[in-house]
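Descriptive analysis of the structure
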Amino acid sequence: MVAFATVMVPLAKAFGLAVVAERILELGKNLLEPRLSSRDTRAQPDAAATRRAVADVQARAQRDAATRAAEQAAEQRAPERSTQSAQLHSVRDRLFTESDPAKRAALLKQAGDLSAALTVEERHGEWEERVPTSVLLVQDASDPDDGWTLRSFVLQLLGFAAGILLASFADLRLFSAFLTGGGGGGGSAELPGWVDHVFTGLFIGGGSGPVHTLIEFVTARRTIVQAAELTVAETAADKAFVTSSPPEVATWDGGWVDVPYAGGVDVDLLQSVHRRDADPTIIVYHHTGMSSDSTFDDVVRVIKSGTDGSGQPWLTGYHCVILADGSAHAFCRWDRYGSHAAGFNLRSLGLGFNGNFETNPSVPFANPDGRYGATRPTEPQLRAGARVAALWTFLYRVPVDFERGIIPHRQIAGKSCAGSNFPYDDFKKLVTFYRRTWEQSALAQERITAFKLKPYLYV
């Protein structure tokens, strides 16, 4: 197996050269585009477009004020909503076993009344978390503009040429690193040097985007492999930790796996909206209600294509989404409030486990037969979610209290989230395990301290 560092070093060099290629491409665009297009690239901004942009900013500010006001109103009713939520779940549990038609009818009416009362505020503060199986997790393609295609083709040729020259000048042989585990510069029996320079140059000529995507893929795969390899070891370690602290805990990282975070989705869009008054003090965990086979992009697109109670599309959703493979993906900026728990959004973080773990058929959009994929989180998924929750307790003043600090969505809402088949006790034990272990691990404390330096964390 090729060492991680052996692959990442030439990839890092390729990324740097790709940035240089982009600057060359930008220069070529400025020189060549006027000759390839009749458009005036230096035209004055359109007045109508400017007015529309200003109006859009004003509308966004007005909507943000209305959203905050609705959230503050829901927050005032939080205790009453929690009581109604508990009553609703009790009624649904009774429906699951009740066979008498008259009693079922009465229970159905009671469930409908409670659900309607809770839904009034949920429409404005949290997305549905109920996804019909008919939803297609694909996007339609669109035909490109012919003029833009011609310009892009010529400019891309320039980029490829620049990439090949840069690869030859730097003697970077990226593909040799993958084939032989070498670092470039020493040749490769499998691939002649000039051929490697050409292929590496074509890769670099595509710009920093493809290189960055490959780096993210390699890093993510490493994270997933780490999570999978740690599962067996941690299972034994957490059992030992319950009875006595392992003597080596101070030099062990406690099963730490880096959580990628750079502000999540639409960092700039949330710069002026969804502001918190203070850092979060509660974690609310969910299931997304979607298929466990869906991707993070699917989750973001499905949420943002929906609308709230005012008919406006959601700007954001959970703060972090955990996929079945154990990978963690930031969605909403952590220094902004999300749209996941009406009445609690302003002071909470939303942790979404991708999947549908509700198996009670009396609950709408349930997954008793596996139509939404897995009916229970995978082991890597559960551990990854516990790691994120434990990390949040170090970053913010969130108590490791599973009644008031780290709570399931069903405790405060009319939804069954995170599902009747979610392993609540296992999740609580894992969060507690990581919190206690990281408190005593010098390595984990170093990584937490470094994580606190990331942007978009605090108010």
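Residues numbered from 1 in each chain as written. Predicted model: local features only at pLDDT ≥ 70, side-chain atom pairs only at ≥ 80, totals over all residues. Heavy atoms only, no water.

1. Some words on the confidence of the model for the protein
The condition that has to hold: Along the chain, pLDDT gives the predictor's confidence residue by residue, from 0 to 100. Here a residue-residue contact requires only that any non-hydrogen atoms of the pair lie within 4.5 Å.
Mean pLDDT over the protein works out to 80, with 76% of the residues at or above the 70 mark. Of the regions scoring below 50 in pLDDT, residues 182-188 engages in 10 contacts with residues more than four places distant in sequence or in other chains.

2. Here we look at the pairing of strand E1 (residues 282-287)
Rules: Relative accessible area decides the class of each residue, using a 1.4 Å probe on protein chains only: under 20% of the type maximum gives buried, over 50% gives exposed, and in between gives partly exposed. Strands are runs of DSSP state E lasting at least 2 residues, helices are runs of H or I lasting at least 4, and numbering of each runs from the N terminus. At least two DSSP bridges between two strands are needed for those strands to be called paired.
For E1, a buried count of 6 out of 6 residues is recorded, marking the element as mostly surrounded by other parts of the structure. Of the two faces of E1, the one carrying Ile282, Val284 and His286 and the one carrying Ile283, Tyr285 and His287 are both buried. Judged from the 6 bridges that link them, E1 and strand E4 (residues 348-353) form a sheet pairing that is parallel. Within the sheet, the bridge partner assigned to His286 lies in E4 and is Gly352. Note: E1 against strand E5 (residues 406-408), 3 bridges, orientation parallel. Bridging from a neighbouring strand, Val284 pairs with Ile407 of E5.

3. Concerning the packing of aromatic side chains
Quick note on the threshold: Stacked, tilted and edge-to-face are the three classes applied to pairs of Phe, Tyr and Trp rings, where Trp contributes its six-membered ring and a pair requires centres within 6.5 Å; stacked means planes under 30 degrees apart, edge-to-face means over 60, and tilted covers the rest. Whether a charge sits over a ring comes down to the Lys NZ or Arg CZ being within 6 Å of the ring centre and within 35 degrees of the ring normal.
On inspection of all chains with the given rule, the structure shows 18 aromatic pairs. Ring centres 4.0 Å apart and planes at 20° place the aromatic pair Tyr261 and Trp334 in the stacked group. Here Tyr261, found in the loop between helix H8 (208-243) and E1, pairs with Trp334, found in the loop between strand E3 (328-330) and E4; they are 73 residues apart in sequence, far enough to count as distant. Take Tyr261: its relative accessible area is 5%, and that puts it in the buried class. Arranged with centres 5.4 Å apart and planes meeting at 35°, the rings of Tyr434 and Trp438 form a pair that is tilted. Of the two residues, Tyr434 and Trp438 both sit in helix H11 (residues 424-440), 4 residues apart, roughly one turn of that helix. Grouping residues by exposure puts Tyr434 and Trp438 together as buried. An aromatic cluster of three or more residues is present, and its members are Tyr285, Phe353, Phe357, Phe422, Tyr424 and Phe427. For the cation-ring pair, Arg435 lies above Phe394, with the distance from its terminal atom to the ring centre recorded as 4.0 Å.

4. What to know about the nonpolar core
To keep things clear, this is the line we draw: By convention a nonpolar core is built from buried Ala, Val, Leu, Ile, Met, Phe, Trp, Tyr and Cys residues, the set being connected through side-chain atoms within 4.5 Å.
By size, the foremost hydrophobic cluster in this structure holds 42 residues, and its most contacted members are Trp334, Leu351, Trp392 and Phe427. When residues of this core are traced back to their parent elements, those giving at least two are E1, strand E2 (320-322), E3, E4, helix H10 (379-395), H11 and helix H12 (442-451). Sorting elements by how many residues they give to this core places H10 first, with 10 residues. Residues contacting Trp392, with those up to four places away along its chain left out, are Ile283, His319, Cys320, Trp334, Leu349, Gly350, Leu351 and Val398.

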